[in-house]
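Chains, contacts and geometry: an overview
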Amino acid sequence: MRVSDRGVSGTADSPPVSAPRAFGIVLVLRVGAFGFAFLATALIGRIRGDAVLGQLGLLLALLEIVAGLSGHALDATLVRFAAQKISPDHDGSLPYFQRMLRIKVFVALVLAVCGALLARPLLAHVIASPAGRGVEPAGIMLAFMGAAALTLLGFVQAWYQAHQRMGHYAIIEFANTSVRLVF
């Protein structure tokens, strides 16, 4: 990323965007995404009760942990190295994105398989409810699948970030929040 006196330089196919404007766009959409997540979670708790809200909290925490372990480091690495290969007259980042896409698809498949294999053990030994009711194995599998989806969405988000298209990056951030709630 090059910073000049006019702001952050764009790529060959995008105009320059000022750093404060890019930050503002991301901040506004991120606050909106987290506000949406908070309101949706509170609404679920109000409508379905404390027990369901607690179960939802456990599944969202599981999804966040798994997605965080599998995606953020890969995305940060991709943005760092790909951005170095992007200039106003040449975009040499394609090999980095192709390689990382293969890695991300592999990681997403591994997460889906781990969700299927670990659902019952996690339920029995970690998330077990004293009454025997609560989170189902399918919920744990969905949390892992949500983490896999977030890993793939993170790849798209990294592309926009490396190419300094912050509005699109922020929209994908909002989509990430929606995916968390849906799964």
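Residues numbered from 1 in each chain as written. Predicted model: local features only at pLDDT ≥ 70, side-chain atom pairs only at ≥ 80, totals over all residues. Heavy atoms only, no water.

1. What about the nonpolar core?
The condition is simple: The criterion is simple. A nonpolar core is a set of buried Ala, Val, Leu, Ile, Met, Phe, Trp, Tyr and Cys residues joined through side-chain atoms within 4.5 Å. Working definition: with a 1.4 Å probe on protein chains only, accessible area under 20% of the residue-type maximum means buried, over 50% means exposed, and in between means partly exposed. Helix numbers and strand numbers start at the N terminus; a helix is a DSSP run of H or I with at least 4 residues, a strand a run of E with at least 2. The contact criterion used throughout is that any non-hydrogen atoms of two residues lie within 4.5 Å.
Judged by nonpolar contacts, the single largest core of 27 residues is most densely connected at Leu62, Val66, Leu111, Val135, Ile140, Phe144 and Leu150. Those elements giving two or more residues to this core turn out to be helix H2 (50-84), helix H3 (94-125), helix H4 (137-162) and helix H5 (166-182). With eight residues, H4 is the largest single contributor of residues to this core. Excluding residues within four positions of it along the chain, Ile140 makes contact with Leu59, Leu62, Ala119, Leu122, Leu123, Ile127 and Val135. Among the nonpolar cores identified, the runner-up in size contains nine residues, and Val79, Met100, Phe155 and Ala162 belong to it.

2. A closer look at the confidence of the model for the chain
For clarity, the threshold we go by: pLDDT expresses how confident the predictor is about each individual residue, on a scale running from 0 to 100.
Confidence in the prediction for the chain averages 79 pLDDT; 86% of positions are at 70 or higher. Within the chain, the lowest mean pLDDT, 40, falls on strand S1 (residues 3-4), and the highest, 91, falls on H3.

3. Let's talk about the packing of H3 against H4
Note the threshold: Lines are fitted to the C-alpha atoms to define the axes, a helix being fitted only along its stretch in contact, and any angle between axes, read from their N-to-C directions, falls within 0 to 180 degrees. In what follows, roughly perpendicular refers to angles from 65 to 115 degrees, roughly parallel to angles under 35, roughly antiparallel to angles over 145, and oblique to any angle outside these ranges. We call a crossing left-handed when the near helix sits turned anticlockwise from the far one by less than a right angle, and right-handed when that turn is clockwise. Only Asp, Glu, Lys and Arg are considered charged, only Ala, Val, Leu, Ile, Met, Phe, Trp, Tyr, Cys and Pro nonpolar, and every remaining residue, Gly among them, polar.
At a minimum axis separation of 7 Å, H3 and H4 run at an interaxial angle of 165°. The angle between the axes of H3 and H4 places the two elements in the roughly antiparallel class. In this structure, H3 crosses over H4, and the sense of that crossing is right-handed. When its residues are assigned to classes, the contact of H3 with H4 shows 24 nonpolar, three polar and two charged.

4. Observations regarding the side chain of Ser93
Summarising the element assignment, Ser93 is placed in the loop between strand S4 (90-91) and H3. Once residues within four sequence positions are removed from consideration, Ser93 is found in contact with Ala82, Lys85, Ile86 and His163.

5. Some thoughts on a nonpolar patch on the surface
Which entries qualify depends on this criterion: Patch definition: residues with relative accessible area over 30% and no salt bridge; like charges joined within 9 Å; nonpolar side chains (Val, Leu, Ile, Met, Phe, Trp, Tyr) joined within 5 Å. Surface exposure here means Shrake-Rupley accessible area, sampled with a 1.4 Å probe, where a residue is shielded only by the protein chains that are shown. The rule for a salt bridge is simple: a side-chain nitrogen of Lys or Arg has to be within 4 Å of a carboxyl oxygen of Asp or Glu.
Taken together, the side chains of Leu101, Val105, Leu109 and Leu152 make up a nonpolar region of the molecular surface, amounting to roughly 320 Å² of accessible area. If one sorts the elements of the nonpolar patch by residue count, H3 sits on top with three residues.

6. Some thoughts on the pattern of salt bridges
All told, the structure shown has one salt bridge when counted by the stated rule. Lys104 is the salt-bridge partner of Asp75, the closest N and O atoms lying 2.6 Å from each other. Taken together, the positions of Asp75 in helix H2 and Lys104 in helix H3 put the pair 29 residues apart, joining distant regions of the chain. Lys104 shares its class with Asp75; the two are buried.

7. Section: the packing of aromatic side chains
By convention here, two paired aromatic rings are described through the distance between centres and the angle between planes. Going by this rule: Think of it this way: a Phe, Tyr or Trp ring, Trp meaning its six-membered ring, pairs with another when their centres are within 6.5 Å, and the plane angle makes it stacked under 30 degrees, edge-to-face over 60, tilted otherwise. Look at NZ for Lys and CZ for Arg. If either is within 6 Å of the ring centre and within 35 degrees of the ring normal, a charge sits over the ring.
Summed over all chains, the structure comprises two aromatic pairs. Ring centres of Phe97 and Phe155 lie 5.9 Å apart, and the angle between their planes is 80°; this geometry places the pair in the edge-to-face category. Here Phe97 is found in helix H3, whereas its partner Phe155 is found in helix H4, with 58 residues between them in sequence. For Phe97, a relative accessible area of 4% translates into the label buried. A centroid spacing of 5.2 Å and a plane angle of 85° characterise the contact between Trp159 and Tyr160, whose relative ring orientation is edge-to-face. Of the residues examined, Trp159 reaches a relative accessible area of 28% and is grouped as partly exposed. Lying across the ring of Phe81, Arg80 places its NZ or CZ 4.8 Å from the centre. Over the ring of Tyr96 we find Arg99, and its NZ or CZ is 5.9 Å from the ring centre.

8. Digging into the environment of Pro137
Position of Pro137 among the secondary structure elements: in helix H4. Pro137 gets classed as buried once you look at its relative accessible area, which sits at 13%. Apart from the residues within four sequence positions on either side, Pro137 is in contact with Ala119, Arg120 and Leu123.

9. Description of H2
Short version of the rule: Every helix has an expected span of 1.5 Å times one less than the residues it contains. A residue's bend is the angle separating two fitted axes: one through the seven residues that end there, the other through the seven that start there.
Here H2 is 35 residues long and its end C-alpha atoms lie 49 Å apart, about the 51 Å a rise of 1.5 Å per residue gives. The largest bend in H2 comes to about 40°, at Gly68.

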